[in-house]
Amino acid sequence: MALAGCGGPSERIVQGTQLAPGTDAHITADINSDAATTRLAVDVVHLAPPERIQAGSKHFVVWQRPSSELPWRRVGVLDYDAGNRGGKLVETTVPYASFELLITVEQQMNPQFPSSAAVIGPASVE
């Protein structure tokens with residue numbers, strides 16, 4: 001990610017939920033407070049295949065919401081590599097300067113709302 005603003009992007013590691021023990025998500029957020037946007041990249045390691053986490057699942061979907069009072073909105077789908085047991089969400093833009101992030105296993109790539117099978121989060125990005 002290109003650096004923008006004074007401090008550059010922030011990085012943090014979020015541990016997986018009980019459904020994904022040993023999983024870590026490396027979250028890089030380049031926040032533009034003036035425009036109230038965030039350039040976001042997520043790299044998840046030690047992630048079991050989705051069908052092993054929840055039967056019938058095929059995808060890892062990334063979600064965001066600016067506060068717990070608002071519904072989750074889909075950000076994208078992890079590009080999952082079963083060989084190295086990792087997934088990536090390449091740089092994308094979220095229309096908020098701070099938000100919660102959630103990654104779930106899903107049967108479809110474009111579900112209306114997240115399943116209860118969270119592998120990461122919810123985690124604060126700010």
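Overview of the structure. All of these numbers come straight from a predicted model, not from anything done at the bench.

## Examining the overall build of the protein chain
Phase 1 of the analysis: For the protein chain, the helix and strand inventory stands at 1 helix and 9 strands.
Phase 2 of the analysis: Going residue by residue from the N terminus, the α and β elements of the protein chain occur as β-β-β-α-β-β-β-β-β-β.
Phase 3 of the analysis: Against the 2.2 N^0.38 benchmark of 14 Å for 126 residues, the protein chain shows a C-alpha radius of gyration of 14 Å, consistent with a compact globule.
Phase 4 of the analysis: The buried share of the protein chain, taken over its 126 residues, is 43%.
Phase 5 of the analysis: Of the contacts formed within the protein chain by residues at least 6 apart in sequence, a portion of 57% connects residues at least 24 apart.
Phase 6 of the analysis: Accessible surface, the protein chain as shown: approximately 7,000 Å² in total, 48% of it carbon and sulfur.
Phase 7 of the analysis: On the protein chain, the mean spot of the 9 positive side-chain charges and the mean spot of the 13 negative ones are 7 Å from each other.

## Focus on the sheet that holds strand 5 (residues 73-77)
Phase 1 of the analysis: Reading across the sheet, the 4 strands line up as 5-4-8-9 and stay open at both edges, with antiparallel pairing between neighbours. Every interior strand has two partners, whereas the edge strands, strand 5 and strand 9 (118-125), have only one. Adjacent strand axes in the sheet meet at a mean angle of 25 degrees when their direction is disregarded.
Phase 2 of the analysis: As judged from the 5 bridges shared by strand 8 (residues 99-106) and strand 9, these two strands associate in the antiparallel manner. In the sheet register, Phe99 faces strand 9, and the bridge partner there is Val125.

## Re the pairing of strand 8
Phase 1 of the analysis: With 8 of 8 residues buried, strand 8 is to be regarded as a mostly interior element.
Phase 2 of the analysis: Along strand 8, one buried face is formed by Phe99, Leu101, Ile103 and Val105 and the opposite face, lined by Glu100, Leu102, Thr104 and Glu106, is buried too.

## Re the packing of aromatic side chains
Note on aromatic pairs: each is described by the distance of the centres and the angle between the planes.
Phase 1 of the analysis: According to the stated counting rule, one finds 1 aromatic pair in the structure shown.
Phase 2 of the analysis: Taking 5.2 Å as the distance between ring centres and 50 degrees as the angle between the ring planes, the aromatic pair formed by Phe60 and Tyr80 counts as tilted. You can see Phe60 sitting in strand 4 (residues 59-65) and its partner Tyr80 sitting in strand 6 (residues 79-81), a full 20 residues away along the chain. Considered together, Phe60 and Tyr80 belong to a single accessibility category, that of buried residues.

## Here's the deal with unusual backbone geometry
Phase 1 of the analysis: Residue Pro122 is reached from Gly121 by a cis peptide bond, and omega for that bond is 5 degrees.
Phase 2 of the analysis: The residue Pro122 is located in strand 9 in this model.
Phase 3 of the analysis: Backbone geometry at Ala36 places phi at a positive 55 degrees, although glycine is not the residue there.
Phase 4 of the analysis: Residue position: Ala36 is located in the loop between strand 2 (24-32) and strand 3 (37-45).

## With respect to the environment of Val45
Phase 1 of the analysis: Along the polypeptide, Val45 turns up in strand 3.
Phase 2 of the analysis: Assessed through its relative accessible area of 25%, Val45 is described here as partly exposed.
Phase 3 of the analysis: As for Val45 and Gly22, which are separated by 23 residues in sequence, their C-alpha atoms are 8.5 Å apart.
Phase 4 of the analysis: Excluding its chain neighbours within four sequence positions, the residues that come into contact with Val45 are Gly22, Thr23, Asp24, His26, Arg85 and Gly86.

## Quick notes on the pattern of salt bridges
Phase 1 of the analysis: Counted according to the given criterion, the structure contains 4 salt bridges.
Phase 2 of the analysis: In this structure, the salt-bridge partner of Asp43 is Lys88, at a minimum N-O distance of 3.3 Å. Linking Asp43 in strand 3 with Lys88 in strand 7 (residues 86-94), this pair joins segments that are 45 residues apart in sequence.
Phase 3 of the analysis: With relative accessibility at 25%, the residue Asp43 sits in the partly exposed group.
Phase 4 of the analysis: Overall, the relative accessible area of 45% leaves Lys88 in the partly exposed class.

The rules behind the values
Residues numbered from 1 in each chain as written. Predicted model: local features only at pLDDT ≥ 70, side-chain atom pairs only at ≥ 80, totals over all residues. Heavy atoms only, no water. Helix = DSSP H or I, 4+ residues; strand = E, 2+ residues; numbered from the N terminus. Rg over C-alpha atoms; globule rule 2.2 N^0.38 Å. Buried < 20%, exposed > 50% of the residue type's maximum accessible area, 1.4 Å probe, protein only. Contact = heavy atoms within 4.5 Å. Areas by Shrake-Rupley, 256 points an atom, 1.4 Å probe, with all protein chains shown as cover. Lys, Arg positive; Asp, Glu negative; His and termini not counted. Charge placed at Lys NZ, Arg CZ, Asp CG, Glu CD. Pairing = 2+ DSSP bridges. Axes fitted to C-alpha atoms, helices over the stretch in contact; angles between N-to-C directions. Phe/Tyr/Trp six-rings, centres within 6.5 Å; stacked < 30°, edge-to-face > 60°. Salt bridge = Lys/Arg side-chain N within 4 Å of Asp/Glu carboxyl O.

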